[in-house]
Amino acid sequence: MALAFTDHDVGEFFRQRGKAFTFRAGQVVFMAGEESSRVFFILKGRAKIYRLTPNGSSVTVAIRHPGELFGLAEVLCDSERLCFAEALEELEVLELKNKDFEAMLLEDPAFAREIAGILAKRLREAETTIYEMVYYQAPSRLARLLLKLASCCGQAAPQLIPQGIKLGIRLSHREIAEMIGTSRQTVTSILNAMVREKAIDVQYKEIIVLDREKLERWLF
């Protein structure tokens, strides 16, 4: 029997039909080349989606947050995995087999529209990323990433810095470099300059946005 998606609640659908799994930080959820037979909904933690270059370097293409799906596109394309998914921190997910997911798309138009909306939003994000890679220099791309992370998962951190916004996600300089298409050394150099300007601070390996206006000056 189809569920009623009057509020387009994809998360509720997974809570009713999904199977729960927990992955420790650094654990791979799926690998490139695998059969794409499962879709995941994040309850807690974050997942890094990345691809490998021919020389073995990784390129982070997305970070998925609580309340988001991953492993979605390849299931719908009925193709093998192109990317790896890895837990950035302890990750709690609900897993749904592709046959159950596809059946729900056919049974409930509201659910199908919600999934279409998610894919459309991700397409827009991919187009924006391509534009930024071509048009903006590395300092601007880094500032845009920090502001985006502050908006989507930032946390007030008065115990560290009054009025500061802690990003709430720990990324190495290498991982940041992968996300903005530059080198680890370049990321380190830019972050140090931002610290000197007091736009950000770094405490206990956490990046904290101190002054949003100062950080926004790096956008151009």
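Keep in mind that what you see is a predicted model, and the values were worked out from it rather than measured.

Enquirer: Quick one: what's the story with the packing of aromatic side chains, residue by residue and with numbers?
Expert: Describing an aromatic ring pair means giving the distance of the ring centres and the angle of the ring planes. Tallying each qualifying case throughout the model produces 12 aromatic pairs. For the ring pair Phe101 and Phe111, a centre distance of 5.7 Å and an interplane angle of 75° mean the geometry is edge-to-face. Here the residue Phe101 occupies a position in helix H3 (residues 98-107), and Phe111 occupies one in helix H4 (residues 109-135), the gap between them amounting to 10 residues. Both residues of the pair, Phe101 and Phe111, belong to the buried class. Ring-pair connections join several aromatic residues into one group, and the members of that group are Phe13, Phe14, Phe41, Phe101 and Phe111.

Enquirer: Can you explain the side chain of Ser140? Please cite residues and give values.
Expert: Structurally, Ser140 is set in helix H5 (residues 138-153). Setting aside its immediate chain neighbours within four residues, Ser140 contacts Trp218, Leu219 and Phe220.

Enquirer: Just give me the short version of the sheet that holds strand S10 (residues 165-166), but keep the residues and values in it.
Expert: One open sheet holds the 4 strands; their spatial order is S9-S10-S12-S11, and the pairing between them is antiparallel. The open sheet has two edge strands, strand S9 (155-156) and strand S11 (200-203), and neither has a second partner. Relative to S10, S9 runs antiparallel, the two sharing 2 bridges. Residue Gln155 lies in a different strand from S10, and its bridge partner there is Lys166. This element, helix H7 (residues 184-196), spans S11 and strand S12 (206-209) of the sheet and lies at about 110° to S11.

Enquirer: How would you summarise the pairing of strand S4 (residues 47-52) if you had to cite specific residues and measurements?
Expert: Looking at chain direction, S4 and strand S5 (residues 58-64) are connected through 6 bridges and run antiparallel. What sits directly across from Ala47, in S5, is Arg64. Between S4 and the antiparallel strand that follows it, S5, lie 5 residues; Gly56 among them carries a positive phi value of about 95°.

Definitions and cut-offs
- Residues numbered from 1 in each chain as written.
- Predicted model: local features only at pLDDT ≥ 70, side-chain atom pairs only at ≥ 80, totals over all residues.
- Heavy atoms only, no water.
- Phe/Tyr/Trp six-rings, centres within 6.5 Å; stacked < 30°, edge-to-face > 60°.
- Helix = DSSP H or I, 4+ residues; strand = E, 2+ residues; numbered from the N terminus.
- Buried < 20%, exposed > 50% of the residue type's maximum accessible area, 1.4 Å probe, protein only.
- Contact = heavy atoms within 4.5 Å.
- Pairing = 2+ DSSP bridges.
- Axes fitted to C-alpha atoms, helices over the stretch in contact; angles between N-to-C directions.

In short, shape yes, function no, at least from these values alone.
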